[in-house]
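So the chains spell out like this:
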Amino acid sequence: MPVDPQLRNLDIEIPTQPEVLVKLSLLMAAEDIDLQAISSLVETDMALAAAVMKAVNSSLYGLRGRVQTVHQALTYLGMREVAAITFEMGLRAAFPAAAELEAVWTRASQRGLLMGRMGQMLGVDPWAAHSAGLFEECGKAVLYRHAPAHYPAMLRAATRDVDLAELERTAFGVSHDALGAALCESWGLAPAAVASVRHHVEIQSTLTIPDALARRSVAAISTVAWALLQHPDQLEDIARQIAPQAQLDETLVLRAARRVHEQLQAAQEHGR
């Protein structure tokens with residue numbers, strides 16, 4: 001998909017989607033998903049395959065025994081989670097390695113997994129939810145690559161994303177949420193994922209989903225995941241406010257959030 005012309009005028013480069021992820025997207029869109037084709041595709045890129053295997057064997061997933069191949073990972077974790085890990089590694093590889101971005105990528109892993117599993121439990125497109133979680137902060141990586149000498153200071157100065165977005169608009173004429181949505185569009189992510197990335201700062205700061213936002217469920221799950229990871233003491237209040245705006249049952253949303261959080265905690269305990 002084309003990048004918004006207004007963003008092009010700002011001379012901030014949006015990285016193109018790696019070819020392996022283009023092919024993976026096509027395989028994921030097929031009616032009959034071929035797991036062998038997916039594993040073969042990932043394994044053709046040795047660096048990507050190695051990064052995927054390292055992630056799969058991390059404490060985040062807590063698998064019993066070490067997984068040796070992508071096909072084994074597909075068997076244990078399922079197609080969606082392995083595909084999401086592949087997208088995560090491909091996304092990271094599109095940007096320079098930087099200590100300042102490590103926290104961004106760590107949150108992306110946790111949030112993507114949390115949102116994908118919540119989506120599955122709530123009957124919301126789990127692939128759109130997972131990818132929205134992975135890409136939510138990717139605009140920060142875009143700005144870091146654009147201004148590596150200046151952007152780290154902004155990351156340190158702002159304790160809230162709404163404050164960071166204001167600093168970004170002043171310095172660059174655009175904020176990371178808009179850039180992240182542009183990257184999602186150019187990489188062909190689902191419209192619900194794009195909308196969630198585009199509006200997450202606004203929704204998290206106001207706890208109000210914009211009236212114009214047609215696809216609301218993924219954005220609501222994003223807000224609940226943010227509460228769970230950043231403000232767990234406010235989880236119930238935030239879920240109570242946000243779930244009805246997306247026509248989701250707040251009791252089911254809370255149950256899904258807590259259940260997935262317990263799964264992740266158990267996996268990390270097992271993986272230590």
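For the structure, see preceding data.
The text that follows walks through the structure, step by step, so that each part is easy to find. Computed from a predicted model, the values in this text were never measured in an experiment.

1. So, the packing of aromatic side chains
And then number 1: Summed over all chains, the structure comprises four aromatic pairs.
And then number 2: Ring centres of Phe95 and Trp105 lie 6.2 Å apart, and the angle between their planes is 35°; this geometry places the pair in the tilted category. Within this pair, whereas Phe95 is found in the loop between helix H6 (79-93) and helix H7 (102-122), its partner Trp105 is found in helix H7, the two being separated by ten residues in sequence. The burial state of Phe95 is the same as that of Trp105; both residues are buried.
And then number 3: With 6.3 Å between their ring centres and 55° between their planes, Tyr151 and Phe172 make a pair best called tilted. Of this pair, Tyr151 sits in helix H10 (residues 151-157) while Phe172 sits in helix H11 (residues 161-172); the two residues are 21 residues apart in sequence, bridging distant segments of the chain. For the pair shown, Tyr151 and Phe172 are each scored as buried.

2. Topic: the pattern of salt bridges
And then number 1: A full pass over the atoms with the stated rule returns 16 salt bridges.
And then number 2: Here Glu236 and Arg258 are joined by a salt bridge, their closest N and O atoms 2.8 Å apart. Pair noted here: Glu236 is in helix H15 (residues 235-242) and Arg258 is in helix H16 (residues 250-271), with a separation of 22 residues, a long-range link.
And then number 3: Assessed through its relative accessible area of 37%, Glu236 is described here as partly exposed.
And then number 4: Counted as one network, the salt bridges with shared partners bring together Arg107, Arg111, Glu136, Glu137, Lys140 and Asp161.

3. Comments concerning the side chain of His199
And then number 1: In this fold, His199 is placed in helix H13 (residues 191-206).
And then number 2: Excluding residues within four positions of it along the chain, His199 makes contact with Pro210 and Leu213.

About the thresholds
Residue positions are given per chain, counted from 1 along the sequence in the order it is written. Predicted model: local features are reported for residues with pLDDT of at least 70 only, side-chain atom pairs are reported and counted for 80 or more only, and whole-chain, interface and lining totals are derived from all residues. Excluding hydrogens and water, the side-chain values take into account all heavy atoms of the structure. Pairs were defined over the aromatic rings of Phe, Tyr and Trp, the Trp ring being its six-membered one, requiring ring centres within 6.5 Å. Orientation was assigned from the angle between planes: stacked under 30 degrees, edge-to-face over 60, tilted for the rest. Strands here mean DSSP runs of E at least two residues long; helices mean DSSP runs of H or I at least four residues long; both are numbered from the N terminus. Throughout this description, buried means an accessible area under 20% of the type-specific maximum (1.4 Å probe, protein chains only), exposed means over 50%, and partly exposed covers the range between. Counted as salt bridges are all cases of a side-chain nitrogen of Lys or Arg within 4 Å of a carboxyl oxygen of Asp or Glu. Residues count as neighbours in contact if any of their non-hydrogen atoms are within 4.5 Å of one another.

Keep in mind that these numbers describe shape and distance, not what the molecule does.
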